[in-house]
Amino acid sequence: MTGTLGSGFPAVVGGAEAEELRSSATTERRAPRARVLVLTTGGTISSRRAGAGLVATDGAFDVLGEVQVPPDVEVEYVDLMRVGSYQMRLADLRALSDAVIEAFARTGRQAVDGIVITHGTDTLEESAILLDLVHDDRRPVVLTGAQRPADAADTDGPRNLSHAIAVAAAPEARGLGVAICFAGEILRAKGTRKVQTSDLSAFDTLGSGAIGHVDDRRVRIHVRPVRSQPLALPTERFDHVRVDVVAMYPGADDRLLRAAVDAGARGIVIAGSGIGNANPTIAATVAELTAAGVVVALSTRVSDGPVIPLYGNGGGADLVRAGAVVAEFLPAFQARILLALLLSSGQPPDSVRSRFTDHV
Ligand code: ASP
């Protein structure tokens, strides 16, 4: 479903009646200061309790139902998917990227000033990094979602969405690239991952905090991240490229690494222990796989801090000597998306390794 909401419309009604009211509000308003496109994909912000548990049932119109649209902002909405983000495949991430590119290509009265994407929080960090890696526009893309479902009395969805719309419409957000807006915080996409399974403040950025804050009155940006050169857009090959994540723990052997390659993995992210360590067996296997053209990236299973190759005896220094590239501040599951994007672009492994290093 697609549609438009008028400026400052306090959306507290639902159903067909609301649709009618909103269209009339659209015809009477002044010219908007900004036009924001909201793309909905499902997730908890769209979910209600059904027989089987929480299910993403609400489309864009319902998700926007309780949202206060900032004055002078016109909101257009498109119902893109209705899935939990834990169900998403790489093809869905590419569909999201295509929708963003298509929207930013519009001209004239259809042009948009910013895009908001509502998304399940489980894998929001993966979609955010893909969009950010290829983002080549001054206009922002802002992802948001909820920790409490749409039918919970204390749902955080409408507030998060209203904040995200304010950020997407704000002139201050131009040039930020792709951001995540959650619980009043504005976070850059790169380095951000879900750190809380249930609390309202669900996200944090490795090695830094929020780049800005938003409340019901204003958007404040405190830090303007330096952005890397945009990468080429994902192609169909992205949908099927296999990159696995393998974690390290006491007694880890190389069988999962080999199984990943046997299953078709062209890239592997090692979620190493500590600052990025494994063991001598893994280091030897990394050397062998690297020689065979598999790209191995070294990340960490720790929730914060950079990966630095310091240790021998199968630690990070040995892994890098064996050919692994260091993910630094890029969390493991974002490193996986960067690797998938580069590997699916058709570049040889050596070039993938050096581009990976440029973008972490
Ligand atoms: N917990 C998730 C959410 O917030 C479920 C999902 O990722 O779809 O939406």
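The structure we're discussing is the one just above.
Now for a look at the structure at hand. Treat the numbers as computed from the prediction; the structure is a model and nothing was measured.

Parameters and conventions
Residues numbered from 1 in each chain as written. Predicted model: local features only at pLDDT ≥ 70, side-chain atom pairs only at ≥ 80, totals over all residues. Heavy atoms only, no water. Helix = DSSP H or I, 4+ residues; strand = E, 2+ residues; numbered from the N terminus. Contact = heavy atoms within 4.5 Å. Polar contact = N/O pair within 3.5 Å; in protein donor to acceptor, adjacent residues only side chain to side chain. Axes fitted to C-alpha atoms, helices over the stretch in contact; angles between N-to-C directions. Parallel < 35°, antiparallel > 145°, perpendicular 65-115°, else oblique. Left-handed = near helix turned anticlockwise from the far one by under 90°. Expected span 1.5 Å × (residues − 1). Buried < 20%, exposed > 50% of the residue type's maximum accessible area, 1.4 Å probe, protein only. Phe/Tyr/Trp six-rings, centres within 6.5 Å; stacked < 30°, edge-to-face > 60°. Near = heavy atom within 4 Å. Areas by Shrake-Rupley, 256 points an atom, 1.4 Å probe, with all protein chains shown as cover. Nonpolar A, V, L, I, M, F, W, Y, C, P; charged D, E, K, R; others polar. Core = buried A, V, L, I, M, F, W, Y, C linked by side-chain atoms within 4.5 Å. Pairing = 2+ DSSP bridges. Right-handed = clockwise from strand over helix to strand, strands pointing away.

**Concerning the environment of Ser344**
Argument step 1. If you trace the backbone, Ser344 turns up in the loop between helix 10 (332–343) and helix 11 (349–359).
Argument step 2. Sequence separation between Ser344 and Phe333 is 11 residues, and the spatial gap between their C-alpha atoms is 17 Å.
Argument step 3. Not counting residues within four places of it along the chain, the set of residues in contact with Ser344 comprises Thr235, Arg237, Phe238 and Val241.
Argument step 4. There is a polar contact of 3.0 Å between the side chain of Ser344 and the backbone oxygen of Leu341.

**Notes on the packing of helix 3 (residues 90–104) against helix 4 (residues 124–134)**
Argument step 1. At a minimum axis distance of 10 Å, the contact between helix 3 and helix 4 shows a crossing angle of 45°. Here helix 4 runs oblique to helix 3, going by the angle between their axes. At the point where helix 3 passes helix 4, the crossing takes the right-handed sense. Together, Leu93, Arg94, Leu96, Ser97 and Val100 of helix 3 and Glu126, Ser127, Leu130, Leu131 and Val134 of helix 4 make up the contact between the two elements.

**Description of helix 10**
Argument step 1. For helix 10, with 12 residues, the first-to-last C-alpha span of 16 Å sits near the 16 Å given by 1.5 Å per residue.
Argument step 2. Burial within helix 10 is extensive, with 10 of its 12 residues counted as buried.
Argument step 3. Inspection of helix 10 places Ala332, Gln334, Ala335, Ile337, Leu338, Leu339, Ala340, Leu341, Leu342 and Leu343 among the buried residues, and these make up the whole buried set.

**So, the packing of aromatic side chains**
Argument step 1. Inspection of every chain in the model, using the stated rule, returns 2 aromatic pairs.
Argument step 2. A centroid spacing of 5.9 Å and a plane angle of 50° characterise the contact between Phe61 and Tyr77, whose relative ring orientation is tilted. Linking Phe61 in helix 2 (residues 60–63) with Tyr77 in strand 5 (residues 73–83), this pair joins segments that are 16 residues apart in sequence.
Argument step 3. A relative accessible area of 0% means that Tyr77 is categorised as buried.

**Structural notes on the environment of Ala324**
Argument step 1. Position of Ala324 among the secondary structure elements: in the loop between helix 9 (316–321) and strand 17 (325–326).
Argument step 2. Overall, Ala324 belongs to the buried group, its relative accessible area being 8%.
Argument step 3. For Ala324 and Ala297, which are 27 residues apart along the polypeptide, the C-alpha to C-alpha distance reads 5.2 Å.
Argument step 4. Setting aside anything within four residues of it in sequence, one finds Ala324 in contact with Val286, Val296, Leu298 and Leu319.

**Regarding the site of the ligand**
Argument step 1. Neighbouring residues of the ligand: Gly43, Thr44, Gly84, Ser85, Tyr86, Gly120, Thr121, Asp122, Ala146 and Lys194.
Argument step 2. Ser85 has a polar side-chain atom sitting 2.4 Å from an oxygen atom of the ligand.
Argument step 3. At a separation of 2.9 Å, a nitrogen atom of the ligand approaches a polar side-chain atom of Asp122.
Argument step 4. In the complex, 89% of the free accessible area of the ligand, which totals 260 Å², lies under the protein chains.
Argument step 5. The residue inventory of the shell around the ligand, partitioned by class, reads 2 nonpolar, 6 polar and 2 charged.

**Re the nonpolar core**
Argument step 1. Counting 52 residues, the largest nonpolar core has Ile115, Ile117, Val141, Leu339 and Phe356 as its most contacted members.
Argument step 2. At 9 residues, helix 10 tops the list of elements feeding residues into this core.
Argument step 3. Apart from the residues within four sequence positions on either side, Leu339 is in contact with Val243, Gly267, Ile268, Val269, Val295, Ala297, Val352 and Phe356.
Argument step 4. In this structure, Ala60, Leu161, Ala166 and Val214 belong to the second largest nonpolar core, which totals 33 residues.

**Notes on the pairing of strand 14 (residues 243–247)**
Argument step 1. Where strand 14 meets strand 15 (residues 267–272), 5 bridges bridge the pair, whose relative direction is parallel. Paired with Asp244 across the bridge in strand 15 is Ile268.
Argument step 2. Each parallel crossover has a hand, and the one from strand 14 via helix 7 (residues 255–262) to strand 15 is right-handed.

**Examining unusual backbone geometry**
Argument step 1. Phi is positive for Asp72, close to 65°, though the residue is something other than glycine.
Argument step 2. The residue Asp72 is located in the loop between helix 2 and strand 5 in this model.
Argument step 3. Of note in the backbone geometry, Asn313 takes a positive phi value of approximately 55° without being a glycine.
Argument step 4. Mapped onto the secondary structure, Asn313 falls in the loop between strand 16 (295–300) and helix 9.
Argument step 5. Its relative accessible area of 71% is what places Asn313 among the exposed residues.

**Description of the side chain of Lys190**
Argument step 1. With respect to the element layout, Lys190 can be found in the loop between strand 9 (185–188) and strand 10 (192–194).
Argument step 2. In this structure the side chain of Lys190 is engaged in a polar contact, spanning 3.1 Å, whose partner is the side chain of Ser228.
Argument step 3. A polar atom in the side chain of Lys190 sits 2.9 Å from the backbone oxygen of His359.

**What to know about helix 3**
Argument step 1. Spanning 15 residues, helix 3 covers 22 Å between terminal C-alpha atoms, matching the ideal 21 Å at 1.5 Å per step.
Argument step 2. Buried within helix 3 we find Leu90, Asp92, Leu93, Arg94, Leu96, Ser97, Ala99, Val100, Ala103 and Phe104.

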